[in-house]
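Summary of structural features
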Amino acid sequence: MQQAAGNGTMLSLRDVRIVRGERTVLSVEKLDLAAGIHVLEGPNGAGKSTVLLAAAGLVDLAAGQVLLDGTVLHDGMAPAPVERRRRIALVFQDPYLMSGTVREAVEIGLKIRRVGSQERRTRVDPLLERLGLKHLASKRSTKLSGGERRKVALAQALVLDSQVLLLDEVTVNLDEASKQTLIDILRERAGGGHQVIVIASHDSELAHRLDARVHRLAGGRVLDDGVRRP
Amino acid sequence: MILEGLRRAFEMLLSFDPQVWGPVRVSLEVSCVATLLAAVAAIPLGVVIGLSRFAGRRIIVSVLNTMLALPTVLVGLLVYGLISRSGPLGAWDILYTPTAMIIGQTILAMPMICAFTVASVERSDPRIRLSMLSLGAGRIKASVAVALENRAALAAALAAGFGRVFSEVGVAMMLGGNIRGYTRNITTGIAFETGKGEFALGVALGTVLLVVALAVNFAVGYWNYRGGRRQ
């Protein structure tokens, strides 16, 4: 059973098929993700991360389309055109931080978008403060712990304030306080009603705490539409 | 004879004998310019080949790797054919000039720098490019980021390319002509002076060749070490 597309639908996958070698690793007939928080659940190899990569325009589609507000984001070879990808931010399961300081790492997406230094500072500083990274701003990104690296990767994506935010196993390595901060930020963003937040996670409690819609995946297929867990 | 040659060689070096330092200057100028020109073409090409997947890519990489063993005299011969008076580029009138040596050495260095760049980019972390793309970078910016994150390996590629051209003799002899004070460099100088029986001068030039090669490699090694410590 799939969720029907409603008026508020923002991100949609239509007849998306992804093939690696001879094997179809993802086959999604229809998946509509409205503004709000969605959690993709499923065992390893279910296709959660692949859904995120497809939505981000970073994996070749053998067939189908990814749509945002009805316009095509990605429909073929990766990477999707840059102006479409800039509407989306993705945090990888195992993020890579470019060499440089934490501040430079967080600012990198803004620099790519040619945002001026004053505005970069205005947007980055409060986020560093909130994520408990301010004291690390001048530290080299390669000297960080796993949890700190994860928070920097999150800050990189959050600071872009993109229409679609894709997070892969985002709570791994985070302590409880950091996890709660992240949950608060995501709920605030979702409350704005303009952002689609999609999280691939094994953390069964996360969906409940985020009051998210849960989409179960298995064998590269979506098993059910966004149900809310009590 | 060797010890006497060494003693005289150091005397010539320390007295800044122009017979020694003239060829050293030519070698440094020609090889540095050739390495830089080769890098400008070979590094972007190597990054593209290293990051792309297309039909025939393996063949291109195999050809590049084969060209690492390209005989210097063969490159000299090919360029000679092009720029000699009767060649298609004879009107340029550049045979037996430093420009001709630079062209030949650039051709010689390019496959090495390109092959090393391909190898380093292929071995680089695939997350670098994906991260940049996910942050909104275009393909070129993402590729530049891959190159920058692999700058230590690219510096080693440059050092290898420089080492290749700085120590070669075939191109310099065929295209430069070993003209004293103009195109005579360290290697052609060693060959010429030793042939004349000026063993000490040959040793002096050989010493500088060795010292410069060592200095370049130590500089790259130190730079990588400092980079590693900063990280």
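A brief report on the enclosed structure follows. (Residues numbered from 1 in each chain as written. Chains lettered and ligands numbered in written order. Predicted model: local features only at pLDDT ≥ 70, side-chain atom pairs only at ≥ 80, totals over all residues. Heavy atoms only, no water.)

With respect to the overall build of chain B
Looking only at helices and strands, one finds 11 helices and zero strands in chain B. Secondary structure elements in chain B, listed N-terminal to C-terminal, are α-α-α-α-α-α-α-α-α-α-α. In chain B, which comprises 231 residues, the share counted as buried stands at 46%. Taking the intrachain contacts of chain B between residues at least 6 apart in sequence as the baseline, contacts between residues at least 24 apart amount to 74%. Accessible surface for chain B amounts to roughly 11,600 Å². Of this, 70% is attributable to carbon and sulfur atoms. The distance from the centre of the 20 positive side-chain charges to the centre of the 11 negative ones in chain B is 13 Å. (Helix = DSSP H or I, 4+ residues; strand = E, 2+ residues; numbered from the N terminus. Buried < 20%, exposed > 50% of the residue type's maximum accessible area, 1.4 Å probe, protein only. Contact = heavy atoms within 4.5 Å. Areas by Shrake-Rupley, 256 points an atom, 1.4 Å probe, with all protein chains shown as cover. Lys, Arg positive; Asp, Glu negative; His and termini not counted. Charge placed at Lys NZ, Arg CZ, Asp CG, Glu CD.)

Structural notes on a nonpolar patch on the surface
Residue and element names in this part refer to chain B. Together, Ile2, Leu3, Leu6, Phe10 and Leu14 make up an exposed nonpolar region whose accessible area comes to about 540 Å². Its place among the elements puts Leu3 in helix H1 (residues 2-14). Here Leu3 falls in the exposed class, since its relative accessible area comes to 68%. (Patch = residues over 30% accessible without salt bridge, like charges linked within 9 Å, V, L, I, M, F, W, Y side chains within 5 Å. Salt bridge = Lys/Arg side-chain N within 4 Å of Asp/Glu carboxyl O.)

Re the interface of chain B and chain A
Accessible area lost on assembly of the parts is the figure often given for the size of an interface. On the chain A side, the residues contacting the 20 residues of chain B number 26 residues. Here chain B and chain A share an interface that buries about 2,000 Å² over both sides, 55% of which is from carbon and sulfur atoms. At the junction of chain B and chain A, the tally comes to one salt bridge. With eight residues, helix H6 (residues 126-134) of chain B is the single largest residue contributor to the side of chain B that touches chain A. For the side of chain B that touches chain A, the residue count by class is six nonpolar, five polar and nine charged. (Buried area = accessible area lost by both parts, 1.4 Å probe. Nonpolar A, V, L, I, M, F, W, Y, C, P; charged D, E, K, R; others polar.)

Examining the pairing of strand E3 (residues 36-41) of chain A
All names here are of chain A. Burial analysis of E3 places six of its six residues in the buried class, which makes it a mostly covered element. Of the two faces of E3, both are covered, the one formed by Gly36, His38 and Leu40 as well as the one formed by Ile37, Val39 and Glu41. Pairing between E3 and strand E8 (residues 196-200): five bridges, direction parallel. Each residue of the ladder has a partner; that of Leu40, found in E8, is Ala200. Sheet topology note: the E3/strand E9 (residues 213-218) ladder contains four bridges and is parallel. Paired with His38 across the two strands is Arg213, which belongs to E9. (Pairing = 2+ DSSP bridges.)

Focus: the layout of surface pockets
Sizing a probe to match a water molecule and rolling it over the atoms shows the empty space that remains. Roughly 910 Å³ of internal volume is contained in the largest pocket. As for the largest pocket, its lining consists of 32 residues, and the residues nearest its centre are Pro79 of chain A together with Leu51, Ser52, Arg129 and Leu133 of chain B. Counting only elements with at least two residues in the lining of the largest pocket, the list comes to helix H2 (18-51), helix H5 (98-123), H6, helix H7 (139-149) and helix H8 (151-166) of chain B. At seven residues, H7 of chain B tops the list of elements feeding residues into the lining of the largest pocket. (1 Å grid on protein atoms, 1.4 Å probe; cavity = no way out; pocket = protein on both sides within 12 Å on 5 of 7 lines; lining within 4 Å. Points joined across faces, edges and corners; volume = space filled by probe spheres on them.)

Focus: the environment of Leu166 of chain A
Residue and element names in this part refer to chain A. Position of Leu166 relative to the elements: it lies in strand E7 (residues 164-168). Taking C-alpha positions, Leu166 is 13 Å from Ala190, a pair spaced 24 residues apart along the chain. For Leu166, the residues in contact, after removing those within four places along its chain, are Leu52, Ala55, Ala56, Ile88, Ala89, Leu90, Val91 and Val198.

Details of the nonpolar core
Core analysis: the biggest nonpolar cluster contains 116 residues, and Leu11, Leu166, Leu167, Leu186 and Ile199 of chain A have the highest contact counts within it. If you tally residues by element for this core, the top one is H5 of chain B, at eight residues. Setting aside residues no more than four positions away along its own chain, Leu11 of chain A makes contact with Leu31, Asp32, Leu33, Ala55, Val66, Leu67, Leu68, Leu73, Val164, Val196 and Val198 of chain A. Counting 15 residues, the second largest nonpolar core, distinct from the first, contains Val20, Val24, Phe166 and Leu209 of chain B. (Core = buried A, V, L, I, M, F, W, Y, C linked by side-chain atoms within 4.5 Å.)

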